[in-house]
Amino acid sequence: MKALITGASSGIGKEMAIYLSEKGIELVLVAREQEKLQEVQKQLKTNSEIVCMDLSDVNNCVSLHEKVNDIDILINNAGFGKFGNFTETDLKTELNMIHLNVCSVHALTKLYLADMFKRNSGYILNVASIAGFMPGPHMATYHATKAYVLKLTQSIYEEIRKQNKDIKISALCPGPIETPFLDRANVRFKTKTMTAKEVARYAVDNMFKGKYMILPGGNNKMIRILSKIVPDKIIGQIVYHSEEARN
């Protein structure tokens, strides 16, 4: 089997690559920074290929599919967030976030899912977030992008099920993880964080089980339940006070 992982140079993308390699799966690692990808590659036990590419440009997503189209597993992990009041955050940064977090996931899922339909096999793991279930003051754009990823994945899941295809698509919805993501987002959470390694391994194991929604950790399962019964207005107030600028 062969897996393609976006955002594979650090965090859960890196840890997923290492874990999949331990399972004997070949890898295609995609990210912007070649040196970091090469460091990940050194830790792998199976054959791997590096593709340096900025997926915030949807044209690059098309090029990636043309270059690498013989995969069994697609993991859409690339993405970032930014902390700050909506009126003060940079518009260009936010549009780039939407392009990477939403457009690249949409494009790659569509392109590779079509291939999987032809051979009636494959796995897709889209990295959403617990943020996709709730309003996110201070990180409004990020929460909105993850809600898109979550609903897109859930909708496709039902289409696949109704067509009786032997294809598995899952949404990974982790909470805060102690990774470089937090530094880039300039945010610190007052709730407990998980490690990238534990989230990655939990996610991969449940992806292979074909789990519809993957919620690592008891705290995230509780948050999911609360998001169903507590009004969004109250959830927004709780989220507002649960995070702060990292610096």
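Residues numbered from 1 in each chain as written. Predicted model: local features only at pLDDT ≥ 70, side-chain atom pairs only at ≥ 80, totals over all residues. Heavy atoms only, no water.

> Give a description of helix 5 (residues 140-162) that names residues and reports values.
Spanning 23 residues, helix 5 covers 34 Å between terminal C-alpha atoms, matching the ideal 33 Å at 1.5 Å per step. Residues Thr141, Tyr142, His143, Thr145, Lys146, Val149, Leu150, Leu152, Thr153, Gln154, Ile156 and Ile160 constitute the buried set of helix 5. Just beyond helix 5, the residue with positive phi is Asn164, at close to 55 degrees. (Helix = DSSP H or I, 4+ residues; strand = E, 2+ residues; numbered from the N terminus. Expected span 1.5 Å × (residues − 1). Buried < 20%, exposed > 50% of the residue type's maximum accessible area, 1.4 Å probe, protein only.)

> How would you summarise unusual backbone geometry if you had to cite specific residues and measurements?
Within the chain, His138 stands out as a residue other than glycine whose phi angle is a positive 85 degrees. Position of His138 relative to the elements: it lies in the loop between strand 5 (122-127) and helix 5. The residue Asn164 is not glycine, and still its phi comes out positive at about 55 degrees. With respect to the helices and strands, the residue Asn164 is situated in the loop between helix 5 and strand 6 (167-172).

> Run through helix 1 (residues 11-22), naming residues and quoting values.
Taking 1.5 Å per residue, 12 residues should reach 16 Å; helix 1 reaches 17 Å between its end C-alpha atoms and fits that length. Among the 12 residues in helix 1, 10 count as buried, and that is most of the element. Buried within helix 1 are the following residues: Gly11, Ile12, Gly13, Glu15, Met16, Ala17, Ile18, Tyr19, Leu20 and Ser21. Note on helix 1: the residue one or two positions beyond its end, Gly24, has a positive phi of about 85 degrees.

> Requested: an account of the sheet that holds strand 3 (residues 48-52), with residues and values cited.
What the seven strands build is an open sheet, ordered 3-2-1-4-5-6-8; its pairing is parallel. Both outer strands of the open sheet, strand 3 and strand 8 (213-214), are each paired with one neighbouring strand and no more. Along the sheet, helix 2 (residues 34-42) makes contact with strand 2 (26-31) and strand 3, crossing strand 3 at roughly 170 degrees. Packing of helix 5 onto the sheet brings it into contact with strand 5, strand 6 and strand 8, and relative to strand 6 it is tilted by some 155 degrees. (Pairing = 2+ DSSP bridges. Contact = heavy atoms within 4.5 Å. Axes fitted to C-alpha atoms, helices over the stretch in contact; angles between N-to-C directions.)

> Could you give an account of the pairing of strand 4 (residues 73-76), with specific residues and numbers?
On strand 4, burial covers both faces: Ile73 and Ile75 on one face and Leu74 and Asn76 on the other are all buried. Read as a crossover between parallel neighbours, the route from strand 4 over helix 4 (residues 91-119) to strand 5 is right-handed. (Right-handed = clockwise from strand over helix to strand, strands pointing away.)

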